[in-house]
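# Close look at the chain arrangement
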Amino acid sequence: MKNIKNTALALTLLSCSLLAEPTLPPPVQDVVKMEKLAGPAGPFTTKENFPKDYFLMPKNLPYLVGMTLYDSSSANLKLSKEQINAILKIKEELMSKAVDKALVIKKLELDMMQQISFKHKGPKAADFYPKVDEIAKLRAELTKIHLECIEKVKAVLTQEQFEEMLDYGVVNMF
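First, a word on scope: everything that follows refers to the structure included in this document. (Residues numbered from 1 in each chain as written. Predicted model: local features only at pLDDT ≥ 70, side-chain atom pairs only at ≥ 80, totals over all residues. Heavy atoms only, no water.)

### Some details on the overall build of the protein
Within the protein one finds 6 helices and 0 strands. Going through the 174 residues of the protein one by one, you find that 30% of them count as buried. When contacts within the protein are restricted to residue pairs at least 6 apart in sequence, long-range pairs at least 24 apart make up 79% of them. Accessible surface for the protein amounts to roughly 12000 Å². Of this, 61% is attributable to carbon and sulfur atoms. (Helix = DSSP H or I, 4+ residues; strand = E, 2+ residues; numbered from the N terminus. Buried < 20%, exposed > 50% of the residue type's maximum accessible area, 1.4 Å probe, protein only. Contact = heavy atoms within 4.5 Å. Areas by Shrake-Rupley, 256 points an atom, 1.4 Å probe, with all protein chains shown as cover.)

### Topic: helix 5 (residues 129-156)
Look at helix 5: 41 Å from first C-alpha to last across 28 residues, which is about the 40 Å you get at 1.5 Å a residue. Listed as buried for helix 5 are I135, L138, R139, L142, T143, I145, H146, C149, I150, V153 and V156. (Expected span 1.5 Å × (residues − 1).)

### Looking at unusual backbone geometry
With an omega of 0°, the peptide bond between F50 and P51 qualifies as cis. The phi angle at K78 is positive, at roughly 55°, despite the residue not being glycine. With respect to the element layout, K78 can be found in the loop between helix 3 (64-69) and helix 4 (81-117). For K78, a relative accessible area of 69% puts it in the exposed group.

### Topic: the packing of helix 2 (residues 28-38) against helix 4
Each pair of packed helices can be described by the angle between their axes along with the distance between the axes. Contact pair helix 2 / helix 4: the axes reach a minimum separation of 11 Å and the direction vectors enclose 30°. When the axes of helix 2 and helix 4 are compared, the pair comes out roughly parallel. The hand of the helix 2/helix 4 crossing is right-handed. The segment helix 2 lies against helix 4, with D30, M34, L37 and A38 engaging K91, M95, V99, L103 and K106. (Axes fitted to C-alpha atoms, helices over the stretch in contact; angles between N-to-C directions. Parallel < 35°, antiparallel > 145°, perpendicular 65-115°, else oblique. Left-handed = near helix turned anticlockwise from the far one by under 90°.)

### Quick word on helix 4
Along its 37 residues, helix 4 runs 50 Å from first to last C-alpha, staying within 8% of the 54 Å computed at 1.5 Å per residue. Its axis deflected by about 25° at L94, helix 4 carries its strongest bend there. (Bend = angle between axes of the 7 residues up to and from the residue.)

### Some details on the packing of aromatic side chains
Taken as a whole and judged by the stated rule, the model has 3 aromatic pairs. When the centroid spacing of 5.9 Å and the interplanar angle of 20° are considered together, the rings of F44 and F118 count as stacked. Of the two residues, F44 sits in the loop between helix 2 and helix 3 while F118 sits in the loop between helix 4 and helix 5, which places them 74 residues apart along the sequence. With 6.1 Å between their ring centres and 40° between their planes, F55 and Y63 make a pair best called tilted. Its relative accessible area of 6% is what places F55 among the buried residues. (Phe/Tyr/Trp six-rings, centres within 6.5 Å; stacked < 30°, edge-to-face > 60°.)

### A short note on the nonpolar core
Grouped burial of nonpolar side chains is what soluble globular proteins tend to show. Judged by nonpolar contacts, the single largest core of 36 residues is most densely connected at I87, L142, V153 and M165. Looking at which element gives the most residues to this core, the answer is helix 4, with 10 residues. The residues touching V153, leaving out its near neighbours within four places in the chain, are L64, V65, T68, I87 and I90. (Core = buried A, V, L, I, M, F, W, Y, C linked by side-chain atoms within 4.5 Å.)

### Considering the environment of T23
Relative to the helices and strands, T23 is located in the loop between helix 1 (2-19) and helix 2. Each C-alpha atom of the pair T23 and N76 lies 8.2 Å from the other, and the pair is 53 residues apart in sequence. Excluding its chain neighbours within four sequence positions, the residues that come into contact with T23 are T68, L69, D71, S74, A75, L79 and I84.

### A few points about the packing of helix 4 against helix 5
For the pair helix 4 and helix 5, interaxial distance at closest approach is 10 Å and the crossing angle is 170°. Considering the angle they form, helix 4 stands roughly antiparallel to helix 5. Of the residues in the contact of helix 4 with helix 5, the class split is 18 nonpolar, 2 polar and 11 charged. (Nonpolar A, V, L, I, M, F, W, Y, C, P; charged D, E, K, R; others polar.)

Following this line, the structure appears as structure tokens:
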């Protein structure tokens with residue numbers, strides 16, 4: 001009996017996720033634009049996720065614009081037109097700041113990579129410490145833009161919408 005209940009629950013959850021839809025279609029044009037702006041990845045990079053890879057904390061903070069607008073379950077939030085427009089405005093405002101800062105970081109990193117990676121004899125590691133500090137500072141500033149985005153998107157959502165988003169957006173909670 002317990003197996004039947006577990007199977008029924010699993011099928012219900014699976015069918016709900018198959019019926020889920022995003023609030024907006026994925027912004028393919030934004031992805032293409034970012035790839036074009038970013039230019040080629042460095043020679044030691046297999047796949048670049050620009051500008052996210054340049055955040056100080058690219059993995060452990062949520063990307064609420066994507067979760068609220070483009071996630072396959074985001075229609076469950078039942079965002080109003082005003083909420084959608086507010087989130088799109090936040091995205092537009094903060095994304096340009098983030099891209100500009102990420103481009104500076106990428107250039108600094110690629111410059112440093114060129115200087116240290118392709119010559120057997122070259123500058124000493126200590127010569128790069130000031131540049132590393134500068135990159136760290138810029139990555140922190142970029143992450144602060146991300147934190148501002150999280151705060152602003154949360155302010156657009158109701159408590160119920162936020163909790164619903166966590167229900168489908170948290171991947172490894174258990």
